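Structural features, examined
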Amino acid sequence: MIQAIKKISSIINREQKKSFWFVVLLMIFASFLEIISLGFIIPVVSIVLDGNIQNPYIDLNFLNNFIKDLTFSQLLFSAFFLFFLIFLLKFIFSVFFLYKKNYLMYEVRNLLSKNIFKSFLKRPYEFHQENNTSKLALNCKYEIELFTSNILLAGLEILSDIALMLSLLVLLFFLETKLTIILISTFFVFMYLYQFILKKRSLIWASERQKYDSLISKVIQEGLGSIKEIILNYKENFFIKKLINYLQRTTIVSVRTQMAFEIPRALMELVAIIAFIVIFYFLMLLEYETSRIITLMGIFAAVSFKLSPCFNRLMAGIQRIRHGAPVVDFVYNELMNSNNFIEEDENIRQKNDINKFSLKNSIEIKNLCFSYKDESQVKKIIFNDTDLEIKKGNLVAIIGDSGAGKSTFLNLVSGLVKNYEGEILIDSHNINVLSSYWTKRVAYISQDPFFLDDSIKNNIAFAENSNDINLEKVWSSLKSAQLYDYVNNTKDKLNTLIGENGAKMSGGQLQRLAIARALYQDFDLMILDEALNALDPEKENEILKILEKLKIQKTIILISHNESFLKYCDQIFKIENKKIVLI
């Protein structure tokens, strides 16, 4: 528990810690108001039963000079009016307290969502190769929501309930010490036994919930992402059955967890009734006066009315924290491990000359070695002590058998993958030293480029604010990509929506749009990773002719299973026997 508190403390920032302690102070003041509001029941009951404010619990003699001339009706009205004012003040304060508490919760949620998303985007490419995108998306949204509701919110509610319970118990202790000690002992024994029984089970259920939520997100994403194959091959039932299986598992876990939340409520009602009866007979055995018994029973009833839901929330809050316990480790580890990547990236981006670097002569590779471990942890060697040189202004083909390492080579030369041996030099500068200087000069077009469900303009000026988009440059890029006439003839022109993943455009148009995006970016190196495979020969030749014109000032590397494009290339390299050979 202490370790978890330390982790949470390191996750939230300084301003939020100040807000947290301010909320804690509000809790304490709220507890003080509870004591006053419930304690005021005693003189009110005394007035109703005896016609005066005198009682054996609270000395109010100092008020005699103020109320001595009041009739019974006036005294009763004054008492109820003060009673109303106290509860009105408590209500106004409660609204303010709830606002500050909830504002703090969602402020923390937004900060964590932003930081987790930022940490994912700043991570090396290898991180994204090793992690499922559906799991990352789930972590970025749902897990943060769970952290907010089941850890932070539940923790604050537990503190609030403990403060309230202590204040009410102090009131009862002041009124009837022995009876209060008996009640406290009974409730705490009950709480301890219940939590002891559920502790290990709750942690197991929490881990299972996290596992199956991730699997549910994964199967939904896979099903929607392969909708063409599903429709054509009638594979709906495969994904539906997988989803049903995971949903059934989560149902079992969720039912058990929810039962653990709700059982204390019903059980507490039973315990409260038993306690109420025991208190009544206890007071009768002590031969208390009827008025005193009624006063005490009224106080105990009011306290029970407050304590019962308070105790239920406390028990449920403990279960919620256990249910969300794995999330604390996830958020902490993710943010702590990502700090180095974020700081390194920010330091590079703060330099003013990051956009001034450009390729002038060649890309040279010396003694390149690269390997990785597969799922069975078996080492796979892709490149072993290989060399090559790519001149600026060349259209370069990389060919080789499937799995030989063509895409891996592109990831290396673009700077996406960095765990290799040897040297990759850009104009004699090591690519790892250049880092973002170089990657910003690379345009990468895959077989299925990603497109925003947005306008043509926003897809070309990818991730730029609308006010910052250079429209003249957008049109120029469209002309060079031979897409100008198509866009100009549409009704909305640059504001034409292309649909999800470019559903409203043809394959050839989308490849041209990807080239236009690269041209807008003002690249030095364009990489086409099997980007022409899905095109028919006619459209492929059209794209290749565009690339021929572009290579005058740029360098282009192309891989494709179809070798008909080789006639357009200045250099052709083949990957075989873990070497990259010029042919």
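The notes below deal with the structure included here. (Residues numbered from 1 in each chain as written. Predicted model: local features only at pLDDT ≥ 70, side-chain atom pairs only at ≥ 80, totals over all residues. Heavy atoms only, no water.)

Okay, the environment of Lys235 next. Here Lys235 is to be found in the loop between helix H9 (227-233) and helix H10 (236-285). Look at Lys235 and you get partly exposed, because its relative accessible area is 45%. Measuring from C-alpha to C-alpha, the distance between Lys235 and Gly223 comes to 9.3 Å, with 12 residues separating the pair along the chain. (Helix = DSSP H or I, 4+ residues; strand = E, 2+ residues; numbered from the N terminus. Buried < 20%, exposed > 50% of the residue type's maximum accessible area, 1.4 Å probe, protein only.)

Further remarks concern the sheet that holds strand E5 (residues 429-430). If you trace the 4 strands from one edge of the open sheet to the other, you get E2-E1-E4-E5, paired in antiparallel fashion. The outermost strands of the open sheet, each flanked by one partner alone, are strand E2 (379-391) and E5. (Pairing = 2+ DSSP bridges.)

What follows is about helix H17 (residues 471-480). Val474, Ser477 and Leu478 are the residues of H17 that are buried. Considered in projection along H17, the buried side chains sweep an arc of 100 degrees and stay on one side of the axis. Those residues of H17 that are exposed and angled more than 90 degrees off the buried face are Glu472 and Lys479. On its buried face, H17 sits against helix H16 (456-460), helix H18 (484-488) and helix H19 (507-521). Between the side-chain oxygen at the start of H17 and the backbone nitrogen of Glu472 there is a gap of 3.2 Å, and the oxygen is on Asn470. (Arc of directions from axis to C-beta. Contact = heavy atoms within 4.5 Å. Polar contact = N/O pair within 3.5 Å; in protein donor to acceptor, adjacent residues only side chain to side chain.)

Another aspect to go through is the packing of H17 against H19. Between H17 and H19, whose axes approach to 8 Å, the crossing angle comes to 130 degrees. Relative to H19, H17 is oriented oblique. The crossing of H17 and H19 is right-handed. Of the residues in H19, those in contact with Lys473, Val474, Ser477, Leu478 and Ser480 of H17 are Ala516, Leu519 and Tyr520. (Axes fitted to C-alpha atoms, helices over the stretch in contact; angles between N-to-C directions. Parallel < 35°, antiparallel > 145°, perpendicular 65-115°, else oblique. Left-handed = near helix turned anticlockwise from the far one by under 90°.)

This part takes up the sheet that holds strand E7 (residues 525-529). Taken in spatial order, the 6 strands of this open sheet run E6-E7-E8-E3-E9-E10, and their pairing is mixed. Unpaired on one side and paired on the other, strand E6 (442-446) and strand E10 (579-582) mark the two borders of the sheet. Each strand of the sheet is rotated relative to its neighbour by a mean of 20 degrees, with strand direction disregarded. Bridging between E6 and E7 involves 5 bridges; their strand directions are parallel. Across the sheet, Ala443 pairs through a bridge with Met526, a residue of E7. Along the sheet face, helix H13 (residues 406-414) touches strand E3 (395-400), E6, E7, strand E8 (555-559), strand E9 (571-576) and E10 and points at about 160 degrees away from the line of E7.

Right, let's get into empty space enclosed by the protein. Counting across every chain of the model gives 1 cavity of 30 Å³ or more. Forming the boundary of the largest cavity are 17 residues, of which Leu183, Phe187, Val303, Ser304 and Leu307 lie nearest the centre. Secondary-structure elements contributing two or more residues to the lining of the largest cavity are helix H7 (133-175), helix H8 (177-225), H10 and helix H11 (290-323). A per-element tally of the lining of the largest cavity places H11 first, with 6 residues. Within the lining of the largest cavity, the residues separate by chemical class into 15 nonpolar, 2 polar and no charged. (1 Å grid on protein atoms, 1.4 Å probe; cavity = no way out; pocket = protein on both sides within 12 Å on 5 of 7 lines; lining within 4 Å. Points joined across faces, edges and corners; volume = space filled by probe spheres on them. Nonpolar A, V, L, I, M, F, W, Y, C, P; charged D, E, K, R; others polar.)

In this model H19 runs 21 Å from its N-terminal to its C-terminal C-alpha over 15 residues, within 8% of the 21 Å that 1.5 Å per residue would give. Taking burial as the measure, the 15 residues of H19 include 13 buried ones, the bulk of the element. Backbone geometry just downstream of H19 places Asp522 in the positive-phi region, at approximately 65 degrees. (Expected span 1.5 Å × (residues − 1).)

Right, let's get into a nonpolar patch on the surface. A surface patch of nonpolar side chains, about 890 Å² in accessible area, is lined by Phe77, Phe81, Leu82, Phe84, Leu85, Leu88, Phe91, Ile92 and Val95. Tracing the chain through its elements places Ile92 in helix H5 (residues 72-122). (Patch = residues over 30% accessible without salt bridge, like charges linked within 9 Å, V, L, I, M, F, W, Y side chains within 5 Å. Areas by Shrake-Rupley, 256 points an atom, 1.4 Å probe, with all protein chains shown as cover. Salt bridge = Lys/Arg side-chain N within 4 Å of Asp/Glu carboxyl O.)

Here we take up the nonpolar core. When a protein is soluble and globular, its nonpolar side chains tend to lie buried together. Among the nonpolar cores identified, the biggest contains 43 residues, and Ile515, Met526, Leu528 and Leu547 are the most heavily contacted of them. Of all the secondary-structure elements, those providing two or more residues to this core are E3, E6, H16, H17, H19, E7, helix H20 (537-550) and E8. Considering each element in turn, this core owes the most residues, 8 residues, to H19. Ignoring any residue separated from it by four or fewer positions in sequence, one finds Ile515 in contact with Ile445, Ala481, Met526, Ile543, Ile546, Leu547 and Leu550. (Core = buried A, V, L, I, M, F, W, Y, C linked by side-chain atoms within 4.5 Å.)

Burial within E7 is extensive, with 5 of its 5 residues counted as buried. Burial along E7 is two-sided: the residues Leu525, Ile527 and Asp529 and Met526 and Leu528 are all buried.

The next thing to look at is the environment of Glu389. For Glu389, the position within the fold is in strand E2. Sequence separation between Glu389 and Leu582 is 193 residues; the distance between their C-alpha atoms is 9.3 Å. Contacts of Glu389, omitting those with residues within four sequence positions, involve Ser362, Ile363, Glu364, Gln571 and Phe573. Side chain to side chain, Glu389 and Lys391 meet in a polar contact 3.3 Å long.

Attention shifts here to the side chain of Gln571. Tracing the chain through its elements places Gln571 in strand E9. Judged by relative accessible area, which is 12%, Gln571 ranks as buried. At 2.9 Å, the side chain of Gln571 forms a polar contact with the side chain of Asn394. Contact partners of Gln571, with chain neighbours within four places excluded, come to Glu389, Ile390, Lys391, Asn394, Leu395, Val396, Ala397 and Leu582.

We now examine the packing of aromatic side chains. In total, this model carries 10 aromatic pairs according to the counting rule given. A ring pair is formed by Phe77 and Phe81, whose centres lie 6.3 Å apart and whose planes are at 15 degrees; its orientation type is stacked. Taken together, the residues span about one helical turn, with Phe77 and Phe81 both in helix H5 at a distance of 4 residues. Given a relative accessible area of 60%, Phe77 falls into the exposed group. Ring centres of Tyr212 and Tyr246 lie 6.4 Å apart, and the angle between their planes is 35 degrees; this geometry places the pair in the tilted category. You can see Tyr212 sitting in helix H8 and its partner Tyr246 sitting in helix H10, a full 34 residues away along the chain. The two residues Tyr212 and Tyr246 agree in class, both being buried. Among the aromatic residues, ring-to-ring pairing joins Phe29, Phe32 and Phe93 into one connected group. Above the plane of the ring of Tyr520 lies Lys473, whose end atom (NZ or CZ) is 5.2 Å from the centre. Positioned over the ring face of Tyr484 is Lys479, at 5.1 Å from the centre of the ring. (Phe/Tyr/Trp six-rings, centres within 6.5 Å; stacked < 30°, edge-to-face > 60°. Lys NZ or Arg CZ within 6 Å of the ring centre and 35° of its normal.)

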